[in-house]
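The primary structure of each chain is shown beneath.
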Amino acid sequence: MPKAQDHNHTQRISLDHDFEVLYEKACEAGIETAFSRAKQTPVPCPFGSAGVCCRHCLEGPCRIGFNGKGPQEGICGANGDTIVARNLLTMMIEGAAGHAEHGRETALALLEASEGNSDYQIKGVEKLYQVAAGLGIETNGKAVEDIGKQVALKALEDFQKQAGAMNWLTLHAQQQSIDKWDELGITPVNVHLEISKAVTRTSMGCDADPVNLLLGCLTMGLVDGFGGLHLSSDLQDILFGVPKLVKSNFRLGVIKKEMVNIAVHGHVPLLSEKIVEWSRKLSEEAKAAGAAGINVVGICCSGNEVLMRHGIPAASSFSSQELVIVTGMLEAMVVDVQCIMPGIQKVAECYHTEIITTLPYVNIAGSTHVDFHTDKADKAAQDIVRKAIANFPKREHQKITSFTGTVEAYAGFSNEQIIEALSALNKEDPLKPLLDAIASGAIRGVAAIVGCTNVREFQDWGNVTVAKELLKNNVLVVATGCSAHSLAKHNLMNMQGLEYCGESLRGVLKAIGQAVGLESLPPTLHMGSCVDNSRPADLLTAVANRLGVEVKDLPAVGSCPETHSPKALVIGTYFLANGVDVHVGVNPQVSGSQFVTDVLCNGAKDDGLNLEKLFGGKLIYEKDPVKAAAILLRRIEEKRLALGLSS
Ligand code: MSK
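Residues numbered from 1 in each chain as written. Predicted model: local features only at pLDDT ≥ 70, side-chain atom pairs only at ≥ 80, totals over all residues.

**Notes on the overall build of the chain**
1) Next: From N to C terminus, the chain includes 26 helices and 16 strands.
2) Next: With the C-alpha coordinates aligned to their principal axes, the bounding extent of the chain is approximately 70 × 65 × 50 Å.
3) Next: Within the chain, the proportion of its 647 residues that are buried is 57%.
4) Next: Put simply, of all contacts in the chain between residues at least 6 apart along the chain, 73% involve residues at least 24 apart. (Helix = DSSP H or I, 4+ residues; strand = E, 2+ residues; numbered from the N terminus. Buried ≥ 20, exposed ≤ 12 C-beta atoms within 10 Å, placed from the backbone. Contact = placed C-beta atoms within 7 Å.)

Take a look at the structure:
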């Protein structure tokens, strides 16, 4: 077991000192975490890293040798290009399936709520009318529940229909993009059909054409974008309400020594919404158990969801999730789906913390399981909160490490909130102040810093550095997912961080913020969880439509500096299919094929087929966050020039 103090500066785990304290504590107590496991295997497998290991049949695994040495084909004759493209598609399927299942579950929840068969009611009525209108559903004279049912059925159609394009694609995409996707034959028909087709094409003896396989990746990107991201965000806004400006706190100081602490972790907010509700309702029971009350804290994207709608404070992003338990103050960690490390159970066994799984297909051996379904959500949430209360007296006080520092952060920047803020400057044409700022160059462009933290990266460093570099150069930065945790923890979502903004950007943020009663907008805008990458996409579409151009023409970029999940890769592919440049700071595992690398990363002027020629944007792989930001700034300036905007 490595000791934290044995590591030199480059081996530090986090820019967030609190997690370094806990990592050292864990190491000294002999408690394994992802950080210590990563240090025990410092070099990832070179074949897997290059994407050239094929495990699609039992004749293998086969792998392609490097530099022309060793076998250049698998036993079946698949070459490196095919194997790399096929492995990439396999990752895309994994990412898209997770998000699509999120969308399907939310659609079913809306159907059950509309039919009165669940513990949920529709709270976002205005959003319901807006989505229904977009889908062509007649709303006049109909009850809210009737409209909710029609919207839910339209959503479920996107998992069933056998012809045409997905309803949510037609609802959100620009027509020029749809035409392009149709021409290339990549427009998805329904989520399950496309995932099933993609799994078939990656299986042994099927698709062996790297170009066709890469087109399959783009289809998965569209499945993810429309059947996962947009569908989930829309329906969650309908069920739980559209997020509005909230102020909350980040860092480990949000875990309170005197309270019963419950962490919600995962992605689908159906459960975490109820945990928040019942934590408030059962606080007297916590007091009877000797606590001052119940404190819910967020981890990963469940954390982002309850932050955006309820101002629940956030304790940790993905990579440090196990270390939250090492505080010794967590009575329960409740998980739903995605990005949940199995390692949390072993860490929890060293403390009094109870890991509670809630979905039949996401179990962890040794944990408690409380079955969750929408028609017994209140009962499940009460059981879970009471389990946490019962664990409070079991704390081992000598094992507690508490922190007092928290960082204030603003969140809740849905598009509706952004438009409302802009409306205070121009009621008739709310986007105009933003467009004027972009046109004049006060804002050079827009960047979405999205995605994860990664145990093999120095936590928060890439996310924060890219953001600061872009802010300094007057780029408007929005954020989602775990990168939003990084930015918030390091003062980029409160007014202190305004010092990192270039002067003209700071002026625009102040003007908009003051119009809604704030000192300023914060330097970066928290737009939600990883499925909420639909929100920056919708913002770009609204701006492009207002200007009469395509999204691909805008001075806009995406960056995922600390990528960890295939979900981040498939989200990036959705943006690539819309012509937006996407930066990743972690190896996307395609270097084993020069052909695949060229298609993804080469510029439009290069020979041969590539994404930029087809769609207008490309994949940028750059580990160094300062260099990455410089490339993104250059791309923004190129797009400004092409649009005829001021230099
Ligand atoms: S949780 S996919 S580590 S953002 Fe959405 Fe965070 Fe990335 Fe998981």
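More follows now that the structure is in view.
**Examining unusual backbone geometry**
1) Next: A cis amide bond links glycine 60 to the next residue, proline 61, at an omega of 0 degrees.
2) Next: Mapping proline 61 onto the fold places it in the loop between strand E1 (53–54) and strand E2 (62–63).
3) Next: Of note in this structure, asparagine 474 is not a glycine but carries a positive phi near 65 degrees.
4) Next: Mapped onto the elements, asparagine 474 comes out in the loop between helix H19 (461–472) and strand E12 (475–480).
5) Next: Overall, asparagine 474 belongs to the buried group, with 22 C-beta atoms counted inside 10 Å.
6) Next: The phi angle at asparagine 491 is positive, at roughly 70 degrees, despite the residue not being glycine.
7) Next: The residue asparagine 491 is located in the loop between helix H20 (481–489) and helix H21 (503–515) in this model.
8) Next: You can call asparagine 491 buried: it has 20 C-beta atoms within 10 Å.

**Let's talk about the domain arrangement of the chain**
1) Next: Assigned domains within the chain: domain 1 (93–240), domain 2 (248–399) and domain 3 (414–643).
2) Next: Between domain 1 and domain 2, the contact holds 12 residues from the first and 11 residues from the second.
3) Next: Looking at the side of domain 1 that touches domain 2, the elements that each hand over two or more residues are helix H4 (80–114) and helix H10 (210–240).
4) Next: By residue class, the composition of the side of domain 1 that touches domain 2 is 3 nonpolar, 6 polar and 3 charged. (Domains from an automatic or database assignment. Nonpolar A, V, L, I, M, F, W, Y, C, P; charged D, E, K, R; others polar.)

**Describing the pairing of strand E4 (residues 260–266)**
1) Next: Counting buried positions along E4 yields 7 of 7 residues, so the element is predominantly enclosed.
2) Next: Residue alternation in E4 divides its side chains into two sets, Val260, Ile262, Val264 and Gly266 and Asn261, Ala263 and His265, and both sets are buried.
3) Next: In the sheet, E4 pairs with strand E5 (residues 294–299) via 6 bridges, with the strands oriented parallel. For asparagine 261, the partnering residue across the bridge sits in E5 and is asparagine 295. (Pairing = 2+ DSSP bridges.)

**Structural notes on the sheet that holds strand E14 (residues 556–560)**
1) Next: An order of E13-E12-E11-E14-E15-E16 is seen for the 6 strands of this open sheet, with the pairing classed as parallel. Across the chains shown, the open sheet's two edge strands, defined by having one partner strand only, are strand E13 (524–528) and strand E16 (619–621). Each adjacent strand pair in this sheet contributes to an overall mean axis angle of 25 degrees, direction not counted.
2) Next: Across 4 bridges, E14 lies against strand E15 (residues 581–584) in parallel orientation. Each bridged residue has a counterpart across the sheet, and for serine 559 the counterpart in E15 is histidine 583.
3) Next: Across the face of the sheet, helix H26 (residues 625–643) comes into contact with strand E11 (445–449), E12, E14, E15 and E16 while running at roughly 165 degrees to E14. (Axes fitted to C-alpha atoms, helices over the stretch in contact; angles between N-to-C directions.)

**Details of the packing of H10 against helix H22 (residues 534–547)**
1) Next: For the pair H10 and H22, interaxial distance at closest approach is 9 Å and the crossing angle is 95 degrees. Classed by the angle they form, the pair H10 and H22 counts as roughly perpendicular. Contacts from Gly225, Leu229, His230 and Ser233 of H10 reach H22 at Ser534, Arg535 and Ala537.
2) Next: Among the residues making up the contact of H10 with H22, the classes are represented as 2 nonpolar, 4 polar and 1 charged. (Parallel < 35°, antiparallel > 145°, perpendicular 65-115°, else oblique.)

**Let's talk about the site of the ligand**
1) Next: Every one of the 16 residues lining the ligand counts as a neighbour, but Cys301, Cys339, Cys452, Gly481 and Cys482 are closest to it.
2) Next: Among the elements of the structure, helix H13 (300–310), H20 and helix H23 (566–577) are those that each provide at least two residues to the shell around the ligand.
3) Next: In terms of residue class, the shell around the ligand is built from 8 nonpolar, 7 polar and 1 charged.
4) Next: Counting contributing residues, the shell around the ligand receives three or more from each of domain 2 (248–399) and domain 3 (414–643). (Near = placed C-beta within 6 Å.)

**With respect to the environment of alanine 488**
1) Next: Within the fold, alanine 488 resides in helix H20.
2) Next: Each residue touching alanine 488, except ones within four places of it in the same chain, is listed here: Phe250, Val407, Ala409, Met493 and His526.

**Topic: the nonpolar core**
1) Next: One finds Ile262, Ile275 and Val334 to be the most contacted residues of the largest nonpolar core, which totals 203 residues.
2) Next: Element by element, the count of residues in this core is highest for H4, at 16 residues.
3) Next: When near neighbours in sequence (up to four residues on either side) are disregarded, isoleucine 262 contacts Ile275, Ser279, Ile294, Val296, Glu331, Ala332, Val334, Val385 and Ala388. (Core = buried A, V, L, I, M, F, W, Y, C linked by C-beta atoms within 7 Å.)

**With respect to helix H1 (residues 17–28)**
Working note: α-helix, 3.6 residues per turn, so residues spaced by three or four point in the same direction.
1) Next: In this model H1 runs 17 Å from its N-terminal to its C-terminal C-alpha over 12 residues, within 8% of the 16 Å that 1.5 Å per residue would give.
2) Next: Restricting attention to buried positions, one finds in H1 the residues Asp18, Phe19, Leu22, Tyr23, Ala26 and Cys27.
3) Next: Structurally, H1 contributes buried residues whose contacts are with helix H2 (34–40) and helix H14 (321–325).
4) Next: A positive phi of about 75 degrees marks glycine 30, the residue just after H1. (Expected span 1.5 Å × (residues − 1).)

**Quick notes on H13**
1) Next: Counted residue by residue, H13 has 11 buried out of 11 residues, so it is predominantly covered.
2) Next: When H13 is considered as a whole, its buried residues turn out to be Cys300, Cys301, Ser302, Gly303, Asn304, Glu305, Val306, Leu307, Met308, Arg309 and His310.

**Quick word on the confidence of the model for the chain**
1) Next: Put simply, the chain has an average pLDDT of 96, and 98% of its residues get 70 or more.
2) Next: Segment residues 1–9: pLDDT under 50, and 16 contacts once partners within four positions in sequence are set aside and those in other chains are kept.
3) Next: At the level of chain-chain contacts, confidence expressed as ipTM amounts to 0.97, with global pTM at 0.96. (pLDDT = per-residue confidence, 0-100.)

**Considering the packing of H19 against H20**
1) Next: H20 packs onto H19 with a crossing angle of 70 degrees between their chain directions and a minimal axis gap of 9 Å. In terms of their interaxial angle, H19 and H20 are classed as roughly perpendicular. Facing Asn463, Val464 and Ala467 of H19, the residues of H20 in contact are Ser483, Ser486 and Leu487.

**Points about the environment of aspartate 336**
1) Next: Residue placement: aspartate 336 occurs in the loop between strand E7 (332–335) and helix H15 (343–348).
2) Next: Each C-alpha atom of the pair aspartate 336 and leucine 270 lies 9.2 Å from the other, and the pair is 66 residues apart in sequence.

**Here's the deal with the environment of serine 302**
1) Next: Take serine 302: it is sitting in helix H13.
2) Next: Sequence separation of serine 302 and alanine 381 is 79 residues, and the distance between their C-alpha atoms is 15 Å.
3) Next: The contact partners of serine 302, leaving out residues within four places of it in the chain, are Val264, His265, Gly266, His267, Pro269, Ser272 and Asp336.

**Considerations on the pairing of strand E10 (residues 407–411)**
Each regular strand shows side chains that alternate between the opposite faces of the sheet.
1) Next: Counting buried positions along E10 yields 4 of 5 residues, so the element is predominantly enclosed.
2) Next: Pairing geometry for strand E3 (residues 246–250) and E10, over 5 bridges, is antiparallel. Paired with lysine 247 across the strands is tyrosine 410, a residue of E10.

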